[in-house]
Amino acid sequence: MSLTREDIRGIANLARLSLTPEEEIRYAEELSVVLSYIDTLNEVDTEGVEPTTQVGGLIDIVREDVAKHSDDETRKKIVALFPHSEKNMLSVPRVFEDQ
Amino acid sequence: MPTELGKLSIKQAHTGLLQKEFSSRELTEACLTKIEERNKEINAFITITHEYARESAAHADKMIASGSAGVLTGIPFGVKDAICTLDVRSTASSTILDNYVPPYDATVIQRIKDAGAVLVGKQNCDAFGHGASNENSMYGPVKNPHDTTKVSGGSSGGSAAAVVDGQCIFSIGEDTGGSIRQPASLCGVAGLRPTYGRNSRYGIMPMASSLDVVGPIAKTVEDIAYLMEVMAGRDPKDATTVSDPVPKYSELLDRPVKGMRIGVPKEYMELTGMDAEVRMIVESKIKALEHAGCEIVEVSLPHTKYAIPVYYILVPSEDSSNLGRIDGIRYGVQTTADSLYETYAQSRANGFPEEVKRRIMIGTYALSSGYYDAYYIKAQKVRSRIIEDFDVVFANVDALITPTSPFPAFGIGEKKGDVLAMYLADIFVSPASVAGVPALSVNGGMTKNGLPVGIQIIGRRLDEARVLQLGHAVETLHF
């Protein structure tokens, strides 16, 4: 498996990662090496084998669907973590760009 | 008061506290002094909680005076920085969380604090747990206290180094592929990866949710047993925790090992590239167990070599999804840019180190349309094969004994340029992680150059009692 710089740009776009040109070149090489190594999994016959999605063995663990409220002190701590806030609310960059 | 109080085990420190040889305040000051003296060189701690530790120690001294002290009361400990601690900065060793102060404690930390232990600080690790050498920290590598030109191992490197160096009595780490056992092996301490679901994951920064576990790092297996008695058990905040009763592990350690059937996986012992001294030390411990009456059986885990490639699909995939939340919008360090997209992309580019970006890239690719079946589903199927391997051998043996790492601590920078060589450092620790079974690393001895060599004991699901019993025997038996 060999990845091009263009592939890397596409993946970085999906992953919301801004890469430098040097990183694009390096990751193209390194990811190709890692993915070729991972291709050794094709040696294993998995015909009829169920994929393992979890190893805990528990199913359908449910709880009461009741909202729990944070106390004022916790709420203040959470608001204090916001990079930008207005009137105790989270402020985010514009979601819709002007056309 | 000698600064070497930090080198005591939990058991020794507890006895000293009860017998009034020293107070928790003195024990805590000894650890804080040791951290101050050594942190510039070893770099095990990112944040030191002087004031909080002194307050907790004063409270613990009152509990001791009133006769209500438990085994952890007044004992100083450190926590891997990828685990959330109430009101104490938790960076996961990344700059994107450089200013992150969690408004809550992870459940395991809450339980340990409730038992009276004293938090002295947050420990350096590979950022978000990505690595086997602690060189992927944005706060610099952790150096091995046995030889400061060598790595501590990773990802919980600061946690293992601090324990062996006497900067704290025990640590709490996190293990996805080998992140507790591998640094425990390289630093010469004991570290347990519990069964998946035995300890709550609530409040640990998630890496690969189907593999992550929280566990203790300590000087002795007996200490690990005490810690598991406090940490383990169902937590309503983590739906994957199991309700099985938690045994009194510390009371089950001294049972004789005579008659136990112990498997030695040939795929591990036959690995080319295993260090000769590591092999010799492991073989001498196997002989000691045989001498003590254990039956040693050669077994086969045929899919061993596929554990690493399975790991390097499952982990980056789950990782890339889990780390999606770290975007600089609601908390952490934001790089403000012209658009929302650029704010995400630049905050993440600036705040994640290289290995985190590499894994996000691999995972994003493996989960992307058209590749999901070929990579993620295929890896999950091979994971089933690896689990079958363990099921087959555990029908015939009570536990497995292996090396923890194919080599002792390697030089800082030695493997940095070689991604695959670094991944192979986890070759003996990945299979148990993928299978979700408990595994312990215990120090087996030292190489001629004075570097520790860890012995790994792997057990059946939820059979921590036997894993610890056998580990205790390995630690105390000599042949």
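Here the structure is a predicted model, which is why all the values come from computation and not from measurement. (Residues numbered from 1 in each chain as written. Chains lettered and ligands numbered in written order. Predicted model: local features only at pLDDT ≥ 70, side-chain atom pairs only at ≥ 80, totals over all residues.)

(A) Region of the structure containing the overall build of chain B. When its secondary structure is counted, chain B shows 16 helices and 13 strands. Seen through its principal axes, chain B has C-alpha atoms that stretch 65 × 55 × 45 Å. Here chain B, with 479 residues, has 62% of them falling under the buried criterion. Of the contacts made within chain B by residues no fewer than 6 positions apart, 76% connect residues no fewer than 24 positions apart. (Helix = DSSP H or I, 4+ residues; strand = E, 2+ residues; numbered from the N terminus. Buried ≥ 20, exposed ≤ 12 C-beta atoms within 10 Å, placed from the backbone. Contact = placed C-beta atoms within 7 Å.)

(B) Region of interest: the overall build of chain A. Helix and strand counts for chain A come out as three helices and two strands. Computed over the C-alpha atoms, the radius of gyration of chain A is 23 Å, more than 25% above the 13 Å expected from 2.2 N^0.38 for a compact globule of 99 residues. In terms of overall dimensions, chain A has a C-alpha envelope of 55 × 45 × 30 Å along the principal axes. A buried classification covers 16% of the 99 residues belonging to chain A. (Rg over C-alpha atoms; globule rule 2.2 N^0.38 Å.)

(C) Geometry of the confidence of the model for chain B. Looking at chain B, the pLDDT average stands at 96 and 99% of residues meet or exceed 70. In the model output, the complex is listed with pTM 0.97 alongside ipTM 0.94. (pLDDT = per-residue confidence, 0-100.)

(D) Structural view of the sheet that holds strand 10 (residues 295–299) of chain B. Residues and elements named next belong to chain B. Strand order across the open sheet formed by 11 strands is 1-3-2-6-8-7-12-13-11-9-10, with mixed pairing between neighbours. Looking at strand neighbours, the two that pair on one side only are strand 1 (45–48) and strand 10, the edges of this open sheet. Sheet twist, expressed as the average angle between the axes of neighbouring strands with direction ignored, equals 30°. Bridge analysis of strand 11 (residues 399–403) against strand 13 (residues 452–459) gives five bridges, and the strand direction is antiparallel. The residue bridging Ile401 from the neighbouring strand is Ile457, located in strand 13. Strands strand 1, strand 2 (76–80) and strand 3 (118–123) of the sheet are contacted by helix 2 (residues 24–42), whose axis makes an angle of about 15° with strand 3. Running over the sheet, helix 4 (residues 107–114) touches strand 2, strand 3, strand 6 (170–175) and strand 8 (213–218) and is turned about 165° from strand 6. (Pairing = 2+ DSSP bridges. Axes fitted to C-alpha atoms, helices over the stretch in contact; angles between N-to-C directions.)

(E) Region of interest: unusual backbone geometry. Look at the link from Gly154 of chain B to Ser155 of chain B: it is a cis peptide, with omega at 15°. Mapped onto the elements, Ser155 of chain B comes out in the loop between strand 5 (147–151) and helix 5 (157–165). A positive phi angle is found at Arg16 of chain A, which is not glycine, with a value near 55°. Within the secondary structure, Arg16 of chain A sits in the loop between helix 1 (5–15) and helix 2 (21–38). Phi angles above zero are rare outside glycine, and Lys20 of chain B is one such case at about 60°. Inspection of the secondary structure assignment puts Lys20 of chain B in the loop between helix 1 (10–18) and helix 2. The exposed category is assigned to Lys20 of chain B, around which 9 C-beta atoms lie within 10 Å.

(F) The arrangement of the packing of helix 10 (residues 307–322) of chain B against helix 12 (residues 354–367) of chain B in detail. Residue and element names in this part refer to chain B. At their nearest, the axes of helix 10 and helix 12 sit 7 Å apart, and the two run at 95° to each other. Comparing the axis directions of helix 10 and helix 12 gives the class roughly perpendicular. Residue-level contacts link Ile313, Pro316, Ser317, Asp319 and Ser320 of helix 10 to Arg359, Ile360, Ile362, Gly363, Thr364, Ala366 and Leu367 of helix 12. In terms of residue class, the contact of helix 10 with helix 12 is made up of six nonpolar, four polar and two charged. (Parallel < 35°, antiparallel > 145°, perpendicular 65-115°, else oblique. Nonpolar A, V, L, I, M, F, W, Y, C, P; charged D, E, K, R; others polar.)

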